[in-house]
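Chain by chain, the residues run as shown.
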Amino acid sequence: MNLVQPCLFAQELSIRGAVVDSITGSPLQGVSVLIEGTSNGSSSNIEGKYELTVPRGDMVLVFSYVGYQTKKIPIAGRREINVALASDGASLDEVVVVGYGQQRRASITASVVTVSNEEVKSIPTANAVSGLAGRLPGLRVTQRTGEPGAYATSFDIRGFGAPLVVIDGVVRDGGSFSRLDPNDIESISVLKDASAAVYGVQAANGVILVTTRKGYSGKPQITYTANVEWQQVTNAPEVGNAYQFAVLTTENEINGGRLPGETTYSPEDIEKFRNGTYPSTDWYDVVAREYAGMQRHSLNVTGGGERIKYYTSLGYLSEDGLWKSGDLNYQRYNLRSNVSGQITDDLQAELFIDGVLENKNEPGEAAWNVFKFTWMNIPTFPVYANNNPEYLQDMTYPWHPLAMTTAAIGGYTKTRTKFFQSSLTLNYNIPFIDGMSAKLMGSFYNQASFTKAWRKKYELYDFDQLIDTYVLRGIQNNPSTLAGDFRPLERVSVLGQLTYSNIFNDAHHVNATLVFEERHEKNDNLWAQKQFAIDVDQFFAGISENQQVNSSGIYENANQNVVARLNYDYLSRYLLEAGFNYGGSSKFPKGKRWGFFPFISMGWRLSDEPFIKQRLPFLSDFKIRGSWGQMGDDGAAAFQFLTGYNYPSGNYIFDNEVISGLGFRGMPNPNITWYTVTTKNLGVDISLQKGLLSASVDIFQRDRSGLLATRLLTIPGTVGAELPQENLNKDIRRGIEVVLGHTNTIGELQYNVSANFTYTRGRPTKLERNVDGNSYLNWRNNPLNRWDNMTWGYNITGQFQSYEEIYASPVQDGQGNRTLRPGDFKYEDKNKDGILSNLDEVPIARSHIPEINYGLNLSASWKKFDVNALFQGAANFNFQYIEQLRAPLPWGRNSLTMFMDRWHHEDIYDANSPWVPGRYPATNYPASNNWNSQFWWPDASYLRLKHVELGYTIGPLRKAGDMQVRVFATGFNLATWTKVKYVDPEKDPETYNYLYPLMRIYNFGINVTF
């Protein structure tokens, strides 16, 4: 026996290795590794590693994985065999990042979409999120402004609200996502249904998972990318000149009752403005230029050996604003270092470091305020009094655009923000349990911003020609002030994870995950302001009088999660995923902090059924899937269960001294807790001829309960406190997503077409509100069970063409229509009572949030050329014209040129001359023309040519070390088709349409790899 046993051992060989994706280098979990001709073998774990014992001899290992080409490799006496599997060309090849792990695309049973580095890295904007619009079904992206460093792009999943953002396994925020260098992103996954439930209390609005690039085994690869860009306003209203201002002012005065001979401007004045005898000031042209520049540079190095792998990158971005002063600009520096090291055969360490430093410089006034005053400033005023640059011209109010956009005159706002994220991860392949691995991760995030706001005093003058003297008319920012705002934020998180993955009898694939995670977040603030007698922009130079110190937005909270998940599939045909998140939040009282959030999803890959394969061999993939899950949201104001006082609250005077007082908090609610979200999703995926044609359809519904509201009860004033918020309300949101694709190769031409469509809307199903007094008021005011996104107003039927028509119409001015004129808006009298009132209001529009989003992606390559284009659009929403876009001559000041297209008399000085029709009513119109109607709420649906890129690749150049060069040209926001005039349909009307405009971008770049 003793002589035989060593011989048996000598006849066996222990083999280990790792299996990765041939393109991305990412480890592949669950790869079947079998000895050819037998059922003996193993499978790769979460790190892509495998180990098995084989008999000595001429054996061959077979590596197979759904969506990848099977590879056979002779052992040839080797003890370590590493394998890179290539895609089989179908979408099933994807390894998709999901919560706390990875899954094969073929085995996913939930609604998850991804985008790769190839698509993301071409985004030409400073904000990485802006370039995702139209690329991913269900991800709704709205770019509200193009201001440098603003990062005001909003995004959500299926209209649910702001999603949870997780970058490399660490919970971050939307700001961190937006500031990522697109070159550093490996992939983005969007979890839209129960797949997000693993994140529990904070996953109610879905989850976005971002994975950054890692190193690989191989020689170092250095890549440098440079981009030079020019930006131009997509669409903006034209500001009226002095002639137009004089014409509209004269009309306005006469329509208001002033005699023609008593108007501010005579016919001779108007003619001199028209022919240029009198000067005209274009206030927008005074401060703004047509083009603004931007440049981006990225340098990364990646590579490694058997033990150490690394990816390191540096990024720099510099973006200028539109102001001619050059005082609006933004710079960003990105640093990333992702290093993994194999400490032992079973223990791997990963150290990820990510840093961002940004500087935003802007003049003393916000951009939206500058646009407001450049639109309305009177063009008959010069920039300088008597055209002397030493004296700014007074305009009867102190807002001078040149001072507002020039730091040396009116001051500045400088914001410097530092972001630092680090994480250390240990991955351990447990050797004594086949398929078992462990993970331990700790991460630290710090964000610190300091804003220095200097408001410098400046003076405005008139020139009195009679006495040849400059007369001081006003002082703005008096006295000069300096404010400082410091905001530090810290997040610390720890995570422990156990994963078991194995295949039994070559048919039963089991993957189980158990996770514990804890996150702690703390935010602080200090704000201070001083006044100045002399203009030295440092705090030490300020005076002590009226100095202020304050703090706001201070908080501290923590979350804990225990996650368990089981994935099972039989022959990759019958799929099951189930689990739970048991999560807690420090925002709630004991007994209400923890919640149990279960989830389950199932799928059936009919395309793998023998009876389907035989009859429909062209059907590469046909999968039916469904999911159900519960999640929570702890977005409530923290600590509403506590009693106490608010301090400071109000001020009191004692002995001529101001003393801060105490204020009562509202009544506590010891039962307050998170609100619960239940998601349901049904989907089907179809692929023909390995992606030649493909389609995916999802229908979904999200129900929320326990939404916070205050109970409508009357309590005596002697109680001295308000009622607390309670978990009272409910709502529902549902919709559909459709994705269609076509991929083909014809000779050397490869092309891809992909279209996506998402429609979502919601309504409240339970609402705490007072009972209406009658059925009409209930119909008008009760939103319960009524689809949201609705705006009420009057149904416009046209414009009055004559006084006869006016007097024969229902009264809409309360004075028998005596104040109305031809050209004024005419509305429908819905209740037929002869009077236009709020009783005639009906739904006329939706809000400015689109219900429908869609995109069309086109890409092709031929030999060394490549081209891609993205059309993106939105529908079922409306744009609101407001303030200066709604009426000419606001506050007696200038108008936008569009109001020249108005009803007016042929001779503006003769009220008896014929009317000339126009788009807008005549000036000085009655209040009824301002009523909400379809005229002021146009359909904002649009189709935009969002992105176009044309590239040419040179190389590899053998004599230059296989260097490869790609040159490319990119356009962004190139063209927009919409019914909205004068402004971009994506702009946010809630800021009176004054936000910094969206920009059209022309980009030229070069990418060098060696």
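Everything below is about the structure shown above.
What you see is a predicted model; the values in this text were computed from it and never measured.

**Here's the deal with the packing of helix α4 (residues 242–255) against helix α5 (residues 267–275)**
One can describe the packing of α4 onto α5 by two numbers: an axis separation of 8 Å at closest approach and a directional angle of 155°. Comparing the axis directions of α4 and α5 gives the class roughly antiparallel. As α4 runs across α5, the sense of the crossing is left-handed. From α4, A242, Y243, A246, V247 and T250 reach across to α5, where they touch I270, F273 and R274. Of the residues that constitute the contact of α4 with α5, the class distribution is 6 nonpolar, 1 polar and 1 charged.

**Some remarks on α5**
Buried residues of α5: D269, I270 and F273, and no others. All buried residues of α5 project into a common sector of 95° when viewed along the axis, lining one side. The secondary structure elements touched by the buried residues of α5 are α4. Just past α5, the residue G276 takes up positive phi, approximately 90°.

**Observations concerning the sheet that holds strand β14 (residues 170–172)**
The strand order β10-β15-β16-β13-β14 describes an open sheet built from 5 strands, whose pairing is mixed. The open sheet terminates on both sides in strands that have one partner only, identified here as β10 (112–116) and β14. Taking each pair of neighbouring strands and ignoring which way they run, the sheet shows an average axis angle of 25°. Inspection of the sheet shows β10 paired to strand β15 (residues 185–191) by 5 bridges, in the antiparallel sense. Counterpart to T114 in the pairing with β15 is S189.

**Some details on the nonpolar core**
Considering soluble globular proteins, one finds that nonpolar side chains tend to be buried as a cluster. The biggest cluster of nonpolar side chains holds 52 residues, and the ones touching the most others in it are L322, W323 and W936. Mapped by element, the contributors of at least two residues to this core are α6 (283–287), α7 (367–376), α8 (401–405), β25 (458–464), β45 (825–827) and β46 (842–845). Take this core: its biggest share by element is 6 residues, from α7. If near-sequence neighbours (up to four positions away) are discounted, W323 is found in contact with V287, A288, R289, L328, P363, A367, V370, F371 and T405.

**Brief notes about the pairing of strand β51 (residues 942–957)**
The sheet contact formed by strand β48 (residues 865–875) and β51 spans 10 bridges and is antiparallel. Bridged to Q872 within β51 is R944. Summarising the sheet, β51 and strand β52 (residues 963–978) pair through 13 bridges and their orientation is antiparallel. Across the sheet, L943 pairs through a bridge with W977, a residue of β52. If you look at the hairpin formed by β51 and β52, you'll find 5 residues sitting between the two strands, and G961 has a positive phi there, around 70°.

**So, the sheet that holds strand β22 (residues 392–393)**
The 3 strands lie next to each other as β22-β25-β26, forming an open sheet whose pairing is mixed. In the strand order of this sheet, the two ends are held by β22 and β26 (469–476), each with one partner. Of the pairings in the sheet, the one linking β25 to β26 comprises 7 bridges and is antiparallel in character. The partner of Y458 across the bridge, within β26, is Q476.

The rules we used
- Residues numbered from 1 in each chain as written.
- Predicted model: local features only at pLDDT ≥ 70, side-chain atom pairs only at ≥ 80, totals over all residues.
- Heavy atoms only, no water.
- Axes fitted to C-alpha atoms, helices over the stretch in contact; angles between N-to-C directions.
- Helix = DSSP H or I, 4+ residues; strand = E, 2+ residues; numbered from the N terminus.
- Parallel < 35°, antiparallel > 145°, perpendicular 65-115°, else oblique.
- Left-handed = near helix turned anticlockwise from the far one by under 90°.
- Contact = heavy atoms within 4.5 Å.
- Nonpolar A, V, L, I, M, F, W, Y, C, P; charged D, E, K, R; others polar.
- Buried < 20%, exposed > 50% of the residue type's maximum accessible area, 1.4 Å probe, protein only.
- Arc of directions from axis to C-beta.
- Pairing = 2+ DSSP bridges.
- Core = buried A, V, L, I, M, F, W, Y, C linked by side-chain atoms within 4.5 Å.

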